[in-house]
Amino acid sequence: GAVVSQHPSWVICKSGTSVKIECRSLDFQATTMFWYRQFPKQSLMLMATSNEGSKATYEQGVEKDKFLINHASLTLSTLTVTSAHPEDSSFYICSALKQGVTDTQYFGPGTRLTVL
Amino acid sequence: DAKTTQPPSMDCAEGRAANLPCNHSTISGNEYVYWYRQIHSQGPQYIIHGLKNNETNEMASLIITEDRKSSTLILPHATLRDTAVYYCIVRVDNSGYALNFGKGTSLLVTP
């Protein structure tokens, strides 16, 4: 397997503030990382694809100016939720693509964001 | 990517084999079958994947029918810790694209 970490595991913030979530691949390099969001009792929804050294690709309906993604190295991608509002409260999960004979996505443990 | 169909929920007694089915009748020749699971409030965990041959690892076995239109994930001796939502996903390998998650099967392992 492979290990992907996320920090923080949970965060509570006030409405209007910004929150940064880090995603790290600990034992492999990942050119591509993905960010998902999961609301209660729902499945994971892809937000964006992050490629090292280039701009992220966002899914339809995801505001790129609100969810800033930076993938500055082969082991780190960050998601910044800007001007957070209560409706942004969700479980944010990243994954890193490990390339080999076949590609496998490994997921982080998730970050629970609560916006008051 | 091909669409998959899974039962919404299943029960299994602890210690017995859990057989989770998945239909993917529109699968293409270059699409792999991936299985992940998500334990409550955690990130998804990779289980296994395969193209056409049956696969086995320390977690589970994957049985793919000869026509590749369906597959079964087998947990040989289910434990309470196997209670989770199991996702069957079909995707072209080496595409660089993200996995798209459906609703999965909620497996409850009972004592």
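None of these values were measured; they are calculated from a predicted model. Position numbers for residues start from 1 in each chain and track the written sequence from start to end. Here chains are named by letter from A upward and ligands by number from 1 upward, in the order in which they appear as written. Local features in this predicted model are restricted to residues of pLDDT 70 or higher, and side-chain atom pairs are both shown and tallied only at a pLDDT of 80 or more, whereas totals for entire chains, interfaces and linings draw on every residue. Note that the side-chain values use all heavy atoms of the structure and ignore hydrogens as well as water.

1. What to know about the sheet that holds strand β1 (residues 4-7) of chain A
Residues and elements named next belong to chain A.
Right, on to step 1. Here 4 strands make up an open sheet; going across it, the order is β1-β3-β8-β7 and the pairing antiparallel. Two strands lie at the open edges of the sheet, namely β1 and β7 (67-73), each paired on one side alone. If you compare each strand with its neighbour and ignore which way they point, the axes differ by 15° on average.
Right, on to step 2. Two strands are counted as paired when DSSP detects at least two bridges linking them. Secondary structure is summarised from DSSP: a helix means a run of H or I of at least four residues, a strand means a run of E of at least two, and numbering begins at the N terminus for each. Alignment of strand β3 (residues 19-25) against strand β8 (residues 76-81), held across 6 bridges, turns out to be antiparallel. Counted as the bridge partner of valine 19 is valine 81 from β8. Interaxial angle, 0 to 180 degrees, is taken between N-to-C directions of lines fitted to C-alpha atoms, where a helix line uses only the stretch in contact.

2. Side note on the pattern of salt bridges
Residues and elements named next belong to chain A.
Right, on to step 1. We define a salt bridge as a side-chain nitrogen of Lys or Arg found within 4 Å of a carboxyl oxygen belonging to Asp or Glu. Tallied over the full model, the rule gives 3 salt bridges over all chains.
Right, on to step 2. For arginine 24, the salt bridge is made with glutamate 22, and the minimal N-O distance between the two is 3.4 Å.
Right, on to step 3. Buried residues are those whose accessible area, probed at 1.4 Å on protein chains only, stays under 20% of the maximum for their type, while exposed residues exceed 50% and partly exposed ones sit between those limits. Owing to a relative accessible area of 34%, arginine 24 belongs among the partly exposed residues under this scheme.
Right, on to step 4. For glutamate 22, a relative accessible area of 24% gives the class partly exposed.
Right, on to step 5. Across the pair aspartate 88 and lysine 66 runs a salt bridge whose closest N-O atoms are separated by 2.8 Å. With aspartate 88 in the loop between β8 and β9 (90-98) and lysine 66 in the loop between β6 (57-58) and β7, the pair connects residues that are 22 residues apart, well separated along the chain. Lysine 66 matches aspartate 88 in its accessibility class, with the two residues each being buried.

3. A closer look at the layout of surface pockets
Right, on to step 1. Within this scheme a cavity is a closed region of a 1 Å grid, computed over the protein atoms alone, that accommodates a 1.4 Å probe without allowing it to escape, whereas a pocket is open but has protein on both sides within 12 Å along at least five of seven lines; lining residues each have an atom within 4 Å of a point. Grid points are joined across faces, edges and corners, and a volume is the space filled by probe spheres set on the points. Here the second largest pocket defines a volume of roughly 460 Å³.
Right, on to step 2. Lining the second largest pocket are 21 residues, and of these A:Gln38, A:Lys41, A:Gln42, B:Gln38 and B:His40 sit closest to its centre.
Right, on to step 3. Considering every element that reaches the lining of the second largest pocket, the biggest residue donor is strand β8 (residues 84-92) of chain B, with 3 residues.
Right, on to step 4. For this classification, the nonpolar set comprises Ala, Val, Leu, Ile, Met, Phe, Trp, Tyr, Cys and Pro, the charged set comprises Asp, Glu, Lys and Arg, and every other residue, Gly included, is treated as polar. Residues that form the lining of the second largest pocket fall into these classes: 8 nonpolar, 10 polar and 3 charged.

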